[in-house]
Amino acid sequence: MLREILIIVIKKFIHQFASPKTYFYQVNRLYPWLLYISISIYISAIIWGLFFTPKDFVQGHSYRIIYFHVPASFVAQSLYAAMAISSAVFLIWRVKLAAYLARSIAPVGAMVTFIALVSGSIWGIPTWGTWWEWDARITSTLILFIMYLGLISLHNSFNNFDKADKLFSYLAIIGFVQIPIIKKSVDWWSSLHQPASITISDKPSIDPSMLYPLFMAMIGFAGLVACIVILSSKVQIYIREKNKNWVKDYV
Amino acid sequence: MNILLLLKNEALKLVKKTRAWLGPILIFILIMVAFPLTIELTSNNLSDAFYPVLFISILLVMMLATEGIFLEDYEDGTLELFLISKKSLSQWVFLKIFMHWLLIGVPISLLGAFFNLGANNDLSSSLMIFPALLIATYIFLILFCFGNSLSLTKGSALGTLITLPLTLPILVILGKLNTAIIFNINYFEFLILIFGVLSIIIFAFPAIISRIIKTHLE
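Note that the coordinates shown come from a computational prediction; the quantities given were computed from them, not determined experimentally. (Residues numbered from 1 in each chain as written. Chains lettered and ligands numbered in written order. Predicted model: local features only at pLDDT ≥ 70, side-chain atom pairs only at ≥ 80, totals over all residues. Heavy atoms only, no water.)

Considering the interface of chain A and chain B
At the junction of the two partners, chain A supplies 20 residues and chain B supplies 20 residues. When chain A packs against chain B, close to 1,900 Å² is buried across both sides, 76% of that on carbon and sulfur atoms. Inspection of the chain A/chain B interface yields one salt bridge. For the salt bridge of Lys166(A) with Glu218(B), the shortest nitrogen-to-oxygen distance reads 2.7 Å. Summed over the shared surface of chain A and chain B, the result is four residue pairs in polar contact (both at pLDDT 80 or more). Counting only elements with at least two residues in the side of chain A that touches chain B, the list comes to α5 (136-156), α6 (161-175) and α7 (178-188) of chain A. No other element matches α6(A), which puts seven residues into the side of chain A that touches chain B. (Contact = heavy atoms within 4.5 Å. Buried area = accessible area lost by both parts, 1.4 Å probe. Salt bridge = Lys/Arg side-chain N within 4 Å of Asp/Glu carboxyl O. Polar contact = N/O pair within 3.5 Å; in protein donor to acceptor, adjacent residues only side chain to side chain. Helix = DSSP H or I, 4+ residues; strand = E, 2+ residues; numbered from the N terminus.)

Pasting the structure below:
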């Protein structure tokens, strides 16, 4: 009995929240809170990381770019995973909001991946003595960037949104195979890039004085990127639902 | 019988289109003949560069071989007929890719092993590279077919752009296989790895491609 009630409540919640209109108004309410909290967390993390953490024994002060590079790399991969999940939800349950979200994540993902590549390149100069190295992690991240661009190109080449969404979803799901490769590239291949400092199974190899601000930076950065995804998804809703009365009324 | 008939039809269609069948093989031969001309005539340089050039040229040739692979069938209504007749579209896709591999992939793999003999003067490495090329050509064909099915009416450039990132992990494994052949270590491990990849995508992708084609026809 309880199980059935729970299923009905979940279904009702999903059904309501899967409506672009409900989503639109809900994120409108959430957006300012998320934005201000994320900015506060990220700025605090940056101040903590730049001024109140010790310098690294080997890299000196140059390691402090970690508070920008690591969150960007982490979010770049997470966004792809989110996009693939949204695509699967769209293909399986035909939730059109999931397709809007997947499409709106793609340009943000490309931007964040580009930031990760550029910040990594800048970090490479003092650490490795080179802007670029054809190393497994860096190359696979570059492939992720190209993958995002390919997805955007594919979607933009079709005028029929329904067809474009379906094809985009197929490619996004197949392309997800790149994510574990990027994640494990530093373990599978001998690489200039250091192995992961933070893993689920092991104790972090990074000192807590540097780790806590890094966690904060990751949370703040993810929040800021979520804000951009919200804005991007609102643009998608404007484009797709422009003929709906509620959009006309809202505008 | 039905499968044999489909295979025969696909073979006839492919052989009739010389550009689609013989073209990629000739381009492969031209690349492999031309590349030693760009290197100093010392045998060490030639053998060092041989495998990367071989793998990249196979990738490009497979890309050419699948250019517009479904377009003609889409335009002449064959695909719609398949959909109406309730025949298995994924089976047809599987057979079409298989026939392309048989008529283009297998000759190119043989030629690749033959050119390896010319570049490295080593029969054992040729025998080692041949099965790897057979598998790699099939994987590349399937992946490019996937890309071409996505960009069915939008040109092969888009299909290539979206497929190339997916082929890069295979190129990485082939690169490792190259090292394995040169130093004669872990060869079978890498061969099994790409065979494992093939055994998954050989059945999964025809089903996905048929879903994509149905999306185009809706």
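With respect to the environment of Ile65(A)
Residues and elements named next belong to chain A. Locating Ile65 in the fold gives a position in the loop between α2 (20-51) and α3 (66-93). Sequence spacing of Ile65 and Leu117 is 52 residues, and the spatial spacing of their C-alpha atoms is 12 Å. Setting aside chain neighbours within four positions, we find Ile65 in contact with Ser119, Ile122 and Trp123.

Looking at α6(A)
Residues and elements named next belong to chain A. Its 15 residues give α6 an end-to-end C-alpha distance of 20 Å, which sits within 8% of 21 Å, the value for a rise of 1.5 Å per residue. Taking burial as the measure, the 15 residues of α6 include twelve buried ones, the bulk of the element. Residues of α6 that are buried include every one of Lys163, Ala164, Asp165, Lys166, Leu167, Phe168, Ser169, Tyr170, Leu171, Ala172, Ile174 and Gly175, and no others. (Expected span 1.5 Å × (residues − 1). Buried < 20%, exposed > 50% of the residue type's maximum accessible area, 1.4 Å probe, protein only.)

Looking at unusual backbone geometry
Phi at Arg94(A) is positive, roughly 55°, even though this residue is not glycine. Inspection of the secondary structure puts Arg94(A) in the loop between α3 and α4 (96-128). Here the phi dihedral of Asn121(B) falls at roughly 50°; this positive angle occurs in a residue that is not glycine. Structurally, Asn121(B) can be placed in the loop between α6 (89-120) and α7 (123-150). Exposure remark for Asn121(B): the relative accessible area of 70% places this residue in the exposed category.

So, the side chain of Thr53(A)
Residues and elements named next belong to chain A. Tracing the chain through its elements places Thr53 in the loop between α2 and α3. Look at Thr53 and you get buried, because its relative accessible area is 6%. Within the local environment of Thr53, its side chain forms a polar contact with the backbone oxygen of Gly49, the two atoms lying 2.6 Å apart. Those residues in contact with Thr53 that sit more than four places away from it in its chain are Trp48, Tyr63, Arg64, Tyr67, Ser209, Met210 and Pro213.

Structural notes on the pattern of salt bridges
Enumeration according to the criterion identifies ten salt bridges over all chains in this entry. With a closest N to O distance of 3.4 Å, Lys96(A) and Glu241(A) form a salt bridge. Here Glu241(A) lies in the loop between α8 (208-240) and α9 (245-250) and Lys96(A) lies in helix α4, a separation of 145 residues in the sequence. Of the residues examined, Lys96(A) reaches a relative accessible area of 36% and is grouped as partly exposed. Its relative accessible area of 4% is what places Glu241(A) among the buried residues. A salt bridge links Lys96(B) to Glu10(B), with the shortest nitrogen-to-oxygen separation between them at 2.9 Å. Of this pair, Lys96(B) sits in helix α6 while Glu10(B) sits in helix α1 (residues 2-16), placing them 86 residues apart in sequence. Of the residues examined, Glu10(B) reaches a relative accessible area of 5% and is grouped as buried. The network of salt bridges with common partners includes Glu10(B), Lys13(B), Asp73(B) and Lys96(B).

Thoughts on the packing of aromatic side chains
Going through the model one piece at a time under the given rule, you end up with 24 aromatic pairs over all chains. For the ring pair Phe114(A) and Phe145(A), a centre distance of 5.7 Å and an interplane angle of 35° mean the geometry is tilted. Placement of the pair is Phe114(A) in helix α4 and Phe145(A) in helix α5, with a sequence separation of 31 residues. A residue is classified by how much of its surface remains accessible, and Phe145(A), at 17% relative accessible area, is buried. Between Phe94(B) and Phe203(B), the aromatic rings sit 6.1 Å apart at their centres with planes inclined by 5°, giving stacked as the arrangement. A residue pair is termed long-range when its members are at least 10 positions apart, and Phe94(B) in helix α6 and Phe203(B) in helix α9 (residues 187-217) qualify at 109 residues. Three or more aromatic residues link up through ring pairs in this structure, and these residues are Phe24(A), Tyr25(A), Tyr238(A), Trp246(A) and Tyr250(A). Directly above the aromatic system of Phe90(A) lies the positively charged group of Arg94(A), at a separation of 5.9 Å from the ring centroid. Over the ring of Phe24(A) we find Lys234(A), and its NZ or CZ is 5.3 Å from the ring centre. (Phe/Tyr/Trp six-rings, centres within 6.5 Å; stacked < 30°, edge-to-face > 60°. Lys NZ or Arg CZ within 6 Å of the ring centre and 35° of its normal.)

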